[in-house]
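Reading the structure
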Amino acid sequence: MRRRGTEREKSYLSPILCAPDLQTGGGRSRVPGARNHHLNLASHTVAHAARPSHPLALNSLSTNLVVYLVSVMGETPSTATVATCILEGTCYLTPLLGAWLADGAWGRYRTILAFSGLYFVGLVGLWASTVVPGAAPDPYALHAAPATPWQNAALFVPLYVVALGTGGIKPNVSAFGADQFDDADPASVAAKRSFFNWFYFFVNIGSLAAVTGVVYVQDSISWSAGFAIPAGAMGAAIAVFVAGGPRYRHVPPAGSPLARVVAVVRAAAANARAERAA
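Below: a short report on this structure. (Residues numbered from 1 in each chain as written. Predicted model: local features only at pLDDT ≥ 70, side-chain atom pairs only at ≥ 80, totals over all residues. Heavy atoms only, no water.)

Enumeration over the complete set of coordinates arrives at 19 aromatic pairs. Between the aromatic rings of Phe-195 and Phe-196, the centroid separation amounts to 4.9 Å while the plane-to-plane angle is 85°, which identifies the pairing as edge-to-face. Consider the rings of Trp-223 and Phe-227, whose centres lie 5.8 Å apart with planes at 40°: the pair is tilted. Placement of both Trp-223 and Phe-227 in helix 8 (residues 223-243) is noted, with a separation of four residues, approximately one turn of the helix. A single burial state applies to Trp-223 and to Phe-227, both of which are buried. Pairwise contacts between aromatic rings join Phe-181, Phe-195, Phe-196, Phe-199 and Tyr-200 into one cluster. The ring centre of Tyr-92 lies 5.0 Å from the NZ or CZ of Lys-170, which sits over that ring. (Phe/Tyr/Trp six-rings, centres within 6.5 Å; stacked < 30°, edge-to-face > 60°. Helix = DSSP H or I, 4+ residues; strand = E, 2+ residues; numbered from the N terminus. Buried < 20%, exposed > 50% of the residue type's maximum accessible area, 1.4 Å probe, protein only. Lys NZ or Arg CZ within 6 Å of the ring centre and 35° of its normal.)

Attention now moves to a nonpolar patch on the surface. Together, Leu-93, Leu-96, Leu-97, Trp-100, Leu-118, Leu-164 and Leu-258 make up a nonpolar patch on the protein surface, roughly 600 Å² of accessible area in all. For Leu-96, the position within the fold is in helix 3 (residues 77-106). (Patch = residues over 30% accessible without salt bridge, like charges linked within 9 Å, V, L, I, M, F, W, Y side chains within 5 Å. Areas by Shrake-Rupley, 256 points an atom, 1.4 Å probe, with all protein chains shown as cover. Salt bridge = Lys/Arg side-chain N within 4 Å of Asp/Glu carboxyl O.)

Ranked by internal contacts, the top residues of the largest apolar core, which has 39 residues, are Tyr-68, Tyr-119 and Leu-123. Going through the elements one at a time, helix 2 (32-71), helix 3, helix 4 (108-131), helix 5 (149-169), helix 6 (173-178), helix 7 (186-220) and helix 8 are the ones with two or more residues in this core. Excluding anything up to four places from it in sequence, Leu-123 contacts Ala-57, Leu-61, Val-162, Pro-230, Ala-231 and Met-234. (Core = buried A, V, L, I, M, F, W, Y, C linked by side-chain atoms within 4.5 Å. Contact = heavy atoms within 4.5 Å.)

Here's what the structure looks like:
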């Protein structure tokens, strides 16, 4: 009885619990105390490392991209605004791909990791476009010429790689954090609420740092330094995320709802064609 009570106390005090029938990354069974310790590290790794770096990078780009396109690339304000809106719209479409891959094929961990890598590559490419000679117009020239097609490609290819990387992060990081909890345990449900409070707190911290500190660096110091900050933050986030890999609780892919919707639509179309043929 005393042992059972002690285990209950540990469960109540533990910030993150997991169901015993799911595996952690190594596939080995662990005693509950060790399992909870590992999952505590895993979930907080997601919240404090992976997610804040995403709004830091994305908001620092979207907030000041119009200014960069006008002042450096020589675009008109209307053209720069349209280009920024198209990029932001793409960032809200690519999560359909990321969610489909996570639910139906790769799982959330692999999807987050792969798309975070793409995101990092895009940010590094964006930074490189400001330091490689000739990759961008000289922002300090007295009579700056409009950007050449090569210079536009050096800018927009990395930007759309970032947009693609967003697709694997935005729909999966919060869901992956939720995977670390057991909804059948009341203490775990309470811990989940605490987890998401901190999760969105750090999301907003990343956004605030982006629209104040990073934008200030871009405007007052240099664009290359302003683009290097989100690239460095994403690189650090990936390193911390990977370091916790063996400790995560993984939920196997169960099939994407999008795939089921497509299958239903295809079946309905086939039935309609068959009825018309009859």
